[in-house]
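Structural overview for review
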Amino acid sequence: MTAEATTEKARIGAPSIAGFTEEGEQLVPSKVDRHHSHGVQVMASRAERLTSHDVADFALPTGREEEWRFTPVRELANLLSDAAGDGDVLDVTVEAPAAFVQRTLRAGEAPRGATLVPADRAAVVASANADEALFIQVPSNAELDEPVRVVLTGKGAGRRSNSHVVVEALENSRAVVILEHDGSADHNGNVEVFVREGARLTVVSVQLWEDDAKHLAQHDAEVAKDAVYKHIAVTLGGKIVRLNSNVRYAGEGAEAELLGLYFADAGQHLEHRSFVDHNVANCTSNVLYKGALQGKGAHTVWVGDVLIQKQAEGTDSYEKNQNLVLTDGCRADSVPNLEIETGLIEGAGHASATGRFDDQHLFYLMARGIPEDVARRLVVRGFLNEIIQKIKVPALEERLTEAVERELAAGDN
């Protein structure tokens with residue numbers, strides 16, 4: 001937003017939350033010490049958002065902060081407390097080809113902590129209370145024929161778990177890593193990803209929790225020269241799920257793609273946030289999240305941030321969010337933000353759309369003898385399948401397609 005536009009907004013009427021306008025964050029000079037979250041923080045840049053490994057730097061959120069204003073924080077006291085896990089509450093199993101390395105990393109043991117610095121209260125307490133991180137490394141020049149599959153199963157509703165997963169794809173390797181979450185727990189989970197020079201890595205995070213589970217997570221990735229990173233978040237289960245996916249670059253020619261699919265039923269809160277930090281020249285990014293909602297109280301949130309720093313000349317970036325509202329009583333919040341500090345770029349843009357069924361699509365199908373309920377399912381299936389088919393793991397694509405079908409059947413759409 002230009003300075004003139006910001007001034008005009010202020011003249012018409014100030015927003016109810018400091019540092020936020022109807023079009024996104026108000027990027028004006030900071031009015032408090034950005035290294036401490038006590039009080040209101042108004043940023044000069046998205047890059048100035050507080051990050052720290054110190055729990056004391058993050059106060060308990062009240063829900064009035066921009067970072068938390070969409071989230072039902074009153075229901076997250078267990079996850080936001082600085083506390084260890086409740087014992088044996090999370091089963092972790094790994095299925096993988098032979099050509100990979102698996103071990104654990106303690107706090108401060110490289111590469112853990114090299115790129116993921118907690119950016120909110122949930123991430124910092126997870127980091128502080130996860131004594132060991134699962135470390136998965138794909139060797140240089142390796143091409144894994146089968147995906148690495150990590151299954152995290154919660155063993156008790158309301159029981160606290162903290163986890164940290166580190167994934168490193170070494171130079172010129174090729175791999176897919178799938179993180180599957182099921183069962184029930186109050187789960188804080190950080191994921192840290194390194195895509196080294198020339199590597200191609202896909203990380204798929206699937207949330208298939210039971211209806212009483214709560215899951216807060218931060219996923220951070222660093223993408224090196226000529227590397228390609230794809231992150232896909234699929235959220236279908238859980239009472240409250242909030243996932244932050246962040247990317248930064250470590251060399252020119254790097255590519256990042258952040259994709260998401262979510263389907264919220266009655267009473268579910270599914271929140272996805274993304275941040276692409278174009279801190280290096282001549283890199284590309286594409287962000288696409290698609291969601292569907294049905295049932296009273298279904299709530300989805302997508303907040304997308306793209307920052308193109310002054311030195312990031314030649315950047316090509318785009319982000320888009322689309323939501324399909326299937327019934328009354330739903331709410332979809334969608335906030336795209338784009339901050340550009342240099343005009344020497346290939347392109348940048350963002351888009352957001354939320355609406356009901358396209359009557360023309362339904363008419364086209366019904367005019368050919370397809371019943372309305374079947375036509376509606378076909379439209380939703382086609383809308384969401386754009387994300388599923390980008391996973392490129394047939395067995396998982398089939399499972400997720402079946403899961404979406406069950407969602408549709410439950411809503412009788």
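What you see is a predicted model; the values in this text were computed from it and never measured.

A closer look at the overall build of the chain
When you go through the chain residue by residue, the secondary structure sums to six helices and 18 strands. Here the chain holds 413 residues, and 54% of them are scored as buried. If you take every contact in the chain between residues at least 6 apart in sequence, the share linking residues at least 24 apart comes to 83%.

Some details on the nonpolar core
Where a protein is soluble and globular, its nonpolar side chains tend to be buried together. Formed by 52 residues in total, the largest nonpolar core has its most connected members in Val193, Val195, Leu201, Val223, Tyr229, Val247 and Tyr249. Among the elements that take part in this core, strand β7 (residues 174–195) stands out by supplying seven residues, more than any other. Every residue in contact with Leu201, bar those within four places of it in the chain, is listed here: Val167, Ala169, Ala175, Val177, Val193, Val195, Val228, Tyr229 and Lys230. If you look at the next biggest cluster of nonpolar residues, it comprises 31 residues, including Val234, Leu261, Phe357 and Phe383.

Concerning the packing of aromatic side chains
If you walk through the whole model with that rule in mind, you get one aromatic pair. Between Tyr289 and Trp302 the ring centres are 6.4 Å apart and the planes differ by 40°, which places this aromatic pair in the tilted class. With a gap of 13 residues between them, Tyr289 in strand β14 (residues 284–293) and Trp302 in strand β15 (residues 299–308) connect regions that are remote in the sequence. Assigned by exposure class, Tyr289 and Trp302 land together as buried. The ring centre of Trp68 lies 3.7 Å from the NZ or CZ of Arg242, which sits over that ring.

So, the pattern of salt bridges
Per the stated rule, a full pass over the model turns up 23 salt bridges. The shortest N-O distance in the salt bridge between Asp88 and Lys155 comes to 2.7 Å. With Asp88 in the loop between α2 (77–80) and β3 (90–95) and Lys155 in strand β6 (residues 148–169), the pair connects residues that are 67 residues apart, well separated along the chain. For Glu222, the salt bridge is made with Arg196, and the minimal N-O distance between the two is 3.7 Å.

Things to note about empty space enclosed by the protein
Enumeration according to the criterion identifies three cavities of 30 Å³ or more in this entry. Taken as a whole, the largest cavity encloses approximately 50 Å³ of empty space. Along its surface, the largest cavity is lined by Leu152, Ser163, Val165, Leu179, His181, His187, Gly189, Asn190, Val191, His215 and His219. Split by residue class, the lining of the largest cavity holds four nonpolar, seven polar and no charged.

Considering the pairing of β6
Both faces of the sheet carry side chains from a regular strand, because those side chains alternate between them. Burial runs high along β6: 16 of the 22 residues are buried. As paired strands, β3 and β6 are joined by six bridges and run antiparallel to one another. Residue Thr93 lies in a different strand from β6, and its bridge partner there is Val151.

Examining the environment of Val125
In this structure, Val125 sits in helix α3 (residues 121–129). Each C-alpha atom of the pair Val125 and Leu80 lies 7.0 Å from the other, and the pair is 45 residues apart in sequence. Every residue in contact with Val125, bar those within four places of it in the chain, is listed here: Val55, Leu79, Leu80, Ser81, Asp82, Arg160, Asn162 and Asn188.

Notes on the packing of helix α4 (residues 359–366) against helix α5 (residues 372–388)
Close contact between α4 and α5 brings their axes to 9 Å; oriented N to C, the two are set at 125°. In terms of orientation, α4 and α5 fall into the oblique class. Note that α4 runs across α5; the crossing there is right-handed. Of the residues in α5, those touching α4 at His361, Leu362, Leu365 and Met366 are Glu372, Ala375, Arg376, Leu378 and Val379. Residues that form the contact of α4 with α5 fall into these classes: six nonpolar, one polar and two charged.

Side note on α3
Among the nine residues that make up α3, eight are buried, leaving the element largely enclosed by the rest of the structure. Residues Arg121, Ala122, Ala123, Val124, Val125, Ala126, Ser127 and Asn129 constitute the buried set of α3. N-cap assignment for α3: the residue whose side-chain oxygen lies 3.1 Å from the backbone N of Ala122 is Asp120.

Some details on the packing of α5 against helix α6 (residues 394–411)
The contact between α5 and α6 brings their axes to 11 Å, and the two run at 150°. Classified by chirality, the crossing of α6 by α5 is right-handed. Across the interface between the two elements, Arg377, Val380, Arg381, Leu384, Asn385 and Ile388 of α5 pack against Glu397, Leu400, Thr401, Val404, Glu405, Leu408 and Ala409 of α6. When grouped by side-chain class, the residues that make up the contact of α5 with α6 number seven nonpolar, two polar and four charged.

Side note on the environment of Thr327
Among the secondary structure elements, Thr327 is positioned in the loop between β16 (316–325) and β17 (331–340). Sequence separation of Thr327 and Gln294 is 33 residues, and the distance between their C-alpha atoms is 5.1 Å. Among the polar contacts made by the side chain of Thr327, one reaches the main-chain amide nitrogen of Gly295 at a distance of 2.7 Å.

Here we look at the pairing of β16
Here β14 pairs with β16 via 10 bridges, running parallel. Bridging from a neighbouring strand, Leu293 pairs with Val325 of β16.

Digging into the side chain of Asp277
Structurally, the position occupied by Asp277 is in strand β13 (residues 269–278). Buried charge without a salt bridge: Asp277, with Arg248 as the nearest opposite-charge side chain at an N-O distance of 4.8 Å. Among the polar contacts made by the side chain of Asp277, one reaches the side chain of Gln309 at a distance of 2.8 Å.

Some words on the side chain of Arg273
Inspection of the secondary structure assignment puts Arg273 in strand β13. Overall, Arg273 belongs to the buried group, its relative accessible area being 3%. One polar contact links Arg273 to Glu271, side chain to side chain, over a distance of 2.8 Å. Setting aside chain neighbours within four positions, we find Arg273 in contact with Glu66, Glu67, Trp68, Phe70, Arg242, Leu243, Asn244, Ser245 and Val303.

Reading the values: the criteria
Residues numbered from 1 in each chain as written. Predicted model: local features only at pLDDT ≥ 70, side-chain atom pairs only at ≥ 80, totals over all residues. Heavy atoms only, no water. Helix = DSSP H or I, 4+ residues; strand = E, 2+ residues; numbered from the N terminus. Buried < 20%, exposed > 50% of the residue type's maximum accessible area, 1.4 Å probe, protein only. Contact = heavy atoms within 4.5 Å. Core = buried A, V, L, I, M, F, W, Y, C linked by side-chain atoms within 4.5 Å. Phe/Tyr/Trp six-rings, centres within 6.5 Å; stacked < 30°, edge-to-face > 60°. Lys NZ or Arg CZ within 6 Å of the ring centre and 35° of its normal. Salt bridge = Lys/Arg side-chain N within 4 Å of Asp/Glu carboxyl O. 1 Å grid on protein atoms, 1.4 Å probe; cavity = no way out; pocket = protein on both sides within 12 Å on 5 of 7 lines; lining within 4 Å. Points joined across faces, edges and corners; volume = space filled by probe spheres on them. Nonpolar A, V, L, I, M, F, W, Y, C, P; charged D, E, K, R; others polar. Pairing = 2+ DSSP bridges. Axes fitted to C-alpha atoms, helices over the stretch in contact; angles between N-to-C directions. Parallel < 35°, antiparallel > 145°, perpendicular 65-115°, else oblique. Left-handed = near helix turned anticlockwise from the far one by under 90°. Polar contact = N/O pair within 3.5 Å; in protein donor to acceptor, adjacent residues only side chain to side chain. Lys, Arg positive; Asp, Glu negative; His and termini not counted.

By themselves these figures say nothing about function.
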